[in-house]
Amino acid sequence: MNSKDNHQLASNIEIALQEPSIHQLPLLNTEVRMDVDSSSSSRLSTLLSEDLDFHSSDTGYATHDFHSFPAKFPPQLPRKFILGLTEPGEIVLDPMMGSGTTILEALLNNRRAVGFDIDPLARLISKVKTTSINIQQLTELGKNILAQATVQVENRYDELLVELETRWDSNTKDFINYWFAKETQVELLALVIEIQKITDEATRAFCELAFSACIITKSGGVSLAFDLAHTRPHRARVAYSPSGNLIIGEPSDGTENARTKLLTKRIRPALFEFKRKFQQNLKSLVELDFKFDKPLLAQGNSQNLTIDADSIDLIVTSPPYASNAIDYMRAHKFSLVWLGYSIHELTDTRKDCIGGENTSTFYFESLPDYTSNLVNELRVLDSQKGKALHRYYTEMKRTLREMYRVLKPGKIAIVVVASSIMRGKDTETGKCLAEIGNEVGFNVPKIGVRQIDRNRRMLPAGMKVDHTSQIQQRMHEEYVIGFYKPQK
Ligand SMILES: C[S@@+](CC[C@H](N)C(=O)[O-])C[C@H]1O[C@@H](n2cnc3c(N)ncnc32)[C@H](O)[C@@H]1O
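Since the model is a prediction, treat every value here as computed from it, not as a measurement.

Undergrad: A description of unusual backbone geometry should follow, citing residues and the corresponding values.
TA: Positive phi is not limited to glycine here, since Asn 324 has a value of about 55°. Within the secondary structure, Asn 324 is located in the loop between β9 (312–317) and α13 (328–336). Note on Asn 324: relative accessible area 8%, which makes it buried. Positive phi values are uncommon outside glycine, yet Glu 428 reaches one of about 45°. By secondary structure assignment, the location of Glu 428 is in the loop between β12 (425–426) and α17 (429–439). According to the relative accessible area criterion, Glu 428 is partly exposed, its value standing at 25%.

Shown next as structure tokens:
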């Protein structure tokens, strides 16, 4: 992207600030429109008929593996559509970018990229993965941070303990005290103090991400949590501090039940973990040849995109699960509190996440017939869950409406979703989103199906393999929906 284009796109993004449009749309025919009217639409159908699984592909090249992220794309998935549906220099958008897989693939393939996410950690990950930094300087800096943080821990331990008492508001402090051993807190604080001294923004962000990657892992990294990829993190029942002291629970006498054994944790030293993560990311950075322009990445809501109408050439995205099965913000606050966010602030941001359960002040919209019936059937079984599903489909309707608005006519949006089970009922997310997309004006020529690679992907809780259950089998499928915006 040259600087003129960059400036143009940036000014579009600023100018097009809009209020969320929450007007009611008239109910349309329930049949999903499958008619097509252009060659790009038939190219789309062909792409969706091809292999979308990518199980034997290398997914960790370039900077893709900088930070763990549940339910992220295999990079080959967005790449397939980027190469098949756009030309170099065209603009690719991901309005719920997560760890930025689409953004990075767009750039690696010489396209321009725009990304939004409500979650500040998603923005940080996407930014660092696509920013070029002087490797030599970074190597020296990494050594320096570690050396200084080690000195702080050795010489100023008591002062750091005092700072831990005064640095946060009481809610945030309670959260930190519950989820982190004191020894770990001291090491993390020493690291954060050193990272905050870095004046160059890109370098600081690189260090913040390596820091976050020590905490946000499926097993909870250096925190006292397990299952950070799941809806509700569990606290260790038995935990040993980095220096080997028992800090939670009773010492093992060999008679503990299986659950207690599973929830026993030996916390690794945070300084050691930081060094490991920093070096690992540095190695990927060395291998990446940065020739591309900066993407435009912002914290923002997919239901209210600050982009001009008819300005985007392709969208490739995946929303959260309908049942809030992966609660991104709940997990990500484990590192965000260390990076300057308060629990109060993060709780507020989480309210705008698609798939949230709170419906008391939510403004619902009407849904097309098939989706509406499905929601009503769930409401009969469980009123609260029915409302939560109505909220989800309303939020997705607003998102699809925005995607329709910002796409150029004749262009395509690819939306990858999985179904959820709520009260034993399949939410049929692929089918319902196709129906909603149709209502907001898209044609839906085809829905592709892909099998999730269970060995690789961090899945929500309860998604264990059961080969006998048909519904469980379906839960391991994803639907790749192609939405085509007709020419005017
Ligand atoms: C399934 S993840 C996307 C993963 C991504 N495709 C990747 O490869 O990393 C869904 C993302 O939607 C984001 N999200 C949820 N509600 C949102 C909203 N209202 N606006 C923008 N992003 C939102 C979540 O924070 C999460 O990062």
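Undergrad: With reference to specific residues and values, describe the environment of Ser 126.
TA: Here Ser 126 is to be found in helix α5 (residues 120–129). Measuring from C-alpha to C-alpha, the distance between Ser 126 and Ile 103 comes to 7.4 Å, with 23 residues separating the pair along the chain. Those residues within four positions of Ser 126 in sequence are excluded, and the remaining contacts are Met 97, Gly 98, Ser 99, Gly 100 and Leu 297. Here the side chain of Ser 126 touches Ala 122 through a polar contact of 2.9 Å, landing on its backbone oxygen.

Undergrad: I'd like to hear about helix α16 (residues 383–406), residue by residue, with values.
TA: For α16, which comprises 24 residues, the first-to-last C-alpha distance of 35 Å matches the rise-based estimate of 34 Å (1.5 Å per residue) to within 8%. Within α16, 19 of the 24 residues are buried, leaving the element largely enclosed by the surrounding structure. One side-chain oxygen of the residue at the start of α16 lies 3.1 Å from the amide nitrogen of Gln 384, identifying that residue as Asp 382.

Undergrad: Mind laying out the pattern of salt bridges, listing which residues take part and the relevant values?
TA: Across all of its chains, the model carries 28 salt bridges by this definition. Here Glu 194 ties to Lys 197 by a salt bridge, and the two come within 3.0 Å at their closest N and O atoms. Among the residues examined, Lys 197 registers a relative accessible area of 53% and is labelled exposed. Residues Arg 401 and Glu 365 are paired through a salt bridge, measuring 2.7 Å at the closest nitrogen-oxygen approach. Taken together, the residues span a long stretch of sequence, with Arg 401 in helix α16 and Glu 365 in the loop between α14 (343–350) and α15 (369–381) at a distance of 36 residues. Like Glu 365, Arg 401 is buried. Several salt bridges share partner residues, and in doing so they unite Glu 365, Lys 397, Arg 398, Arg 401 and Glu 439 into one network.

Undergrad: Go over the sheet that holds strand β6 (residues 246–248) with me, naming the residues and quoting the values.
TA: Strand order in the open sheet formed by three strands is β6-β5-β7, with mixed pairing between adjacent strands. Among the strands making up the open sheet, the edge pair consists of β6 and β7 (264–266). Adjacent strand axes in the sheet meet at a mean angle of 25°, parallel and antiparallel pairs treated alike. Bridge count for strand β5 (residues 238–240) against β6 is two bridges, and the pairing is antiparallel.

What counts and how
- Residues numbered from 1 in each chain as written.
- Predicted model: local features only at pLDDT ≥ 70, side-chain atom pairs only at ≥ 80, totals over all residues.
- Heavy atoms only, no water.
- Helix = DSSP H or I, 4+ residues; strand = E, 2+ residues; numbered from the N terminus.
- Buried < 20%, exposed > 50% of the residue type's maximum accessible area, 1.4 Å probe, protein only.
- Contact = heavy atoms within 4.5 Å.
- Polar contact = N/O pair within 3.5 Å; in protein donor to acceptor, adjacent residues only side chain to side chain.
- Expected span 1.5 Å × (residues − 1).
- Salt bridge = Lys/Arg side-chain N within 4 Å of Asp/Glu carboxyl O.
- Pairing = 2+ DSSP bridges.
- Axes fitted to C-alpha atoms, helices over the stretch in contact; angles between N-to-C directions.

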